Amino acid sequence: LDIMGQNRYDVLIIGSGPAGLGAAIYAVRAGLRTAVIDRSPVSGGQVLTTYEVDNYLGFPGLSGSELSDKFRMHADNLGVSFITADVQGVENAASEKIVHTAEGDFVANAVILATGASHSKLGVPGEEKLSGMGVSYCATCDGAFFRNRTVAVVGGGDVAVEDAVFLAGICKKVYLIHRRDKLRAADSLQKKLLSLENVEVIWNSEVKEIAGEDIVEGVSVYNNVSKTQSSLAVNGVFIAVGIVPNTKMFQGMVEMDEKGYILADETCVTSQKGIFAAGDIRKKTMRQIITAVADGANAVYSVQNYFMEQA
């Protein structure tokens, strides 16, 4: 390992979603020797699985993959280095940070954690086995496969209701299964949902099993008020029950809340000197593309301040 040469950087960014790419662009333009490490060679993070992005300033109506392409092209054009490797951990040495990966070790004076978040699972029988065979966590990615068919959406927040509305436009019938007696989604979304004739809300209910041999054939639903179990015949199940931060490998290194979100304010400064957190892994009120990109810029500003303090 050539620690003094090609594997040494001013700043290493872990993750190539909007926060990571935003940070990379600001870091390179600040003259910092920068590399982005991600296990996937395709940049974009969760944006890649978004059907249409209509709220990112200056790019109305682009698909998530088109916007991701533009982000990556911008970084490539500025000469950002990309390393495709699975990060196994970060060693927080006094004056430098060592990022351990399956492809070897990389050393930096500062590290920006931008590993994003993943969709929460139901953890019921059949979910894992039928993932990609009718079980999906992204209605906008996979909805077209279920045109004129019957599907279930599980959840009650904005994402679940948006998914149900989207699917109602292409599916014959949509069940929205929610464990409570009222939705958490924004009022405007609820009104839209409840006005659709081919949507049926199954209240106070939880999915206990996803049935099917090679493809989804139905769901077992338990009503937690009447204490009864029933079956629904569906061709697809879209799970929208929240997200979990991808922070497991950083546990014990930086302070987090009980859900695993890293405690860092808008400056992206964590409890450890030289380690910064940007995007969906940071404890914050709003997780959007625009706030992730802003985090990337803020993180680099904080990195520069940290370097000046060290000088």
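The structure we're discussing is the one just above.
Residues numbered from 1 in each chain as written. Predicted model: local features only at pLDDT ≥ 70, side-chain atom pairs only at ≥ 80, totals over all residues. Heavy atoms only, no water.

1. Overview of the overall build of the protein
Part 1 of the reasoning: Helix and strand counts for the protein come out as six helices and 17 strands.
Part 2 of the reasoning: Taken over the C-alpha trace, the protein has a radius of gyration of 22 Å; the compact-globule value for 311 residues is 19 Å, and the two agree within 12%.
Part 3 of the reasoning: Sorting the 311 residues of the protein into buried and exposed places 50% on the buried side.
Part 4 of the reasoning: A sequence separation of at least 24 residues applies to 58% of the contacts in the protein between residues at least 6 apart.
Part 5 of the reasoning: Accessible surface, the protein as shown: approximately 15,300 Å² in total, 49% of it carbon and sulfur.
Part 6 of the reasoning: The positive charge centre, built from 28 side chains, and the negative charge centre, built from 36, are 4 Å apart in the protein. (Helix = DSSP H or I, 4+ residues; strand = E, 2+ residues; numbered from the N terminus. Rg over C-alpha atoms; globule rule 2.2 N^0.38 Å. Buried < 20%, exposed > 50% of the residue type's maximum accessible area, 1.4 Å probe, protein only. Contact = heavy atoms within 4.5 Å. Areas by Shrake-Rupley, 256 points an atom, 1.4 Å probe, with all protein chains shown as cover. Lys, Arg positive; Asp, Glu negative; His and termini not counted. Charge placed at Lys NZ, Arg CZ, Asp CG, Glu CD.)

2. Quick look at the nonpolar core
Part 1 of the reasoning: Counting residues in hydrophobic clusters, the biggest one holds 32 residues, and the most contacted among them are Ile13, Ile112 and Ile289.
Part 2 of the reasoning: Of all the secondary structure elements, the ones that give two or more residues to this core are β1 (8-14), α1 (18-29), α2 (64-77), β6 (104-113) and α6 (289-310).
Part 3 of the reasoning: Here the element with the most residues in this core is α6; it accounts for eight residues.
Part 4 of the reasoning: Not counting residues within four places of it along the chain, the set of residues in contact with Ile112 comprises Val11, Leu12, Ile13, Ile14, Ala23, Phe276, Ala278, Ala299, Val300 and Val303. (Core = buried A, V, L, I, M, F, W, Y, C linked by side-chain atoms within 4.5 Å.)

3. Considering the sheet that holds strand β12 (residues 205-211)
Each strand in a sheet pairs with its neighbour through backbone hydrogen bonds, running either in the same direction (parallel) or in the opposite one (antiparallel).
Part 1 of the reasoning: Strand order in this open sheet of three strands is β12-β13-β14, and the pairing throughout is antiparallel. Here the strands that pair on one side only, and so sit at the sheet edges, are β12 and β14 (228-233). In this sheet, adjacent strand axes meet at a mean angle of 25° when their direction is disregarded.
Part 2 of the reasoning: Here β12 runs beside strand β13 (residues 218-223); their pairing, made up of six bridges, is antiparallel. Bridged to Ala211 within β13 is Gly218. (Pairing = 2+ DSSP bridges. Axes fitted to C-alpha atoms, helices over the stretch in contact; angles between N-to-C directions.)

4. Some points on the pattern of salt bridges
Part 1 of the reasoning: Counted under the stated rule, the structure contains seven salt bridges.
Part 2 of the reasoning: The partner of Arg72 in a salt bridge is Asp76, with the nearest N and O atoms 3.2 Å apart. Residue Arg72 and its partner Asp76 are located together in helix α2, separated by four residues, close to a single helical turn.
Part 3 of the reasoning: Note that Lys208 and Glu206 form a salt bridge whose closest N and O atoms lie 4.0 Å from each other.
Part 4 of the reasoning: Overall, the relative accessible area of 38% leaves Lys208 in the partly exposed class.
Part 5 of the reasoning: Three or more residues joined by partner-sharing salt bridges are found here, namely Arg282, Lys284 and Asp295. (Salt bridge = Lys/Arg side-chain N within 4 Å of Asp/Glu carboxyl O.)

5. Things to note about the packing of aromatic side chains
Part 1 of the reasoning: As enumerated under the stated definition, the model contains five aromatic pairs in all.
Part 2 of the reasoning: Between Phe146 and Phe238, the ring centres sit 5.4 Å apart and the planes meet at 80°, which makes this aromatic pair edge-to-face. One end of the pair, Phe146, is in the loop between α3 (139-142) and β9 (150-154); the other, Phe238, is in strand β15 (residues 236-239), with 92 residues separating them in the sequence. Grouping residues by exposure puts Phe146 and Phe238 together as buried. (Phe/Tyr/Trp six-rings, centres within 6.5 Å; stacked < 30°, edge-to-face > 60°.)

6. Things to note about the packing of α1 against α6
Part 1 of the reasoning: Here α1 crosses α6 at 40°, and the two axes come no closer than 7 Å. Crossing of α1 against α6: the hand is right-handed. Packed against α1, whose contacting residues are Pro18, Ala19, Gly22, Ala23, Tyr26 and Ala27, the element α6 presents Ile289, Ala292, Val293, Gly296, Ala297 and Val300 at the interface.
Part 2 of the reasoning: Across the contact of α1 with α6, the residue classes tally to 10 nonpolar, two polar and no charged. (Left-handed = near helix turned anticlockwise from the far one by under 90°. Nonpolar A, V, L, I, M, F, W, Y, C, P; charged D, E, K, R; others polar.)

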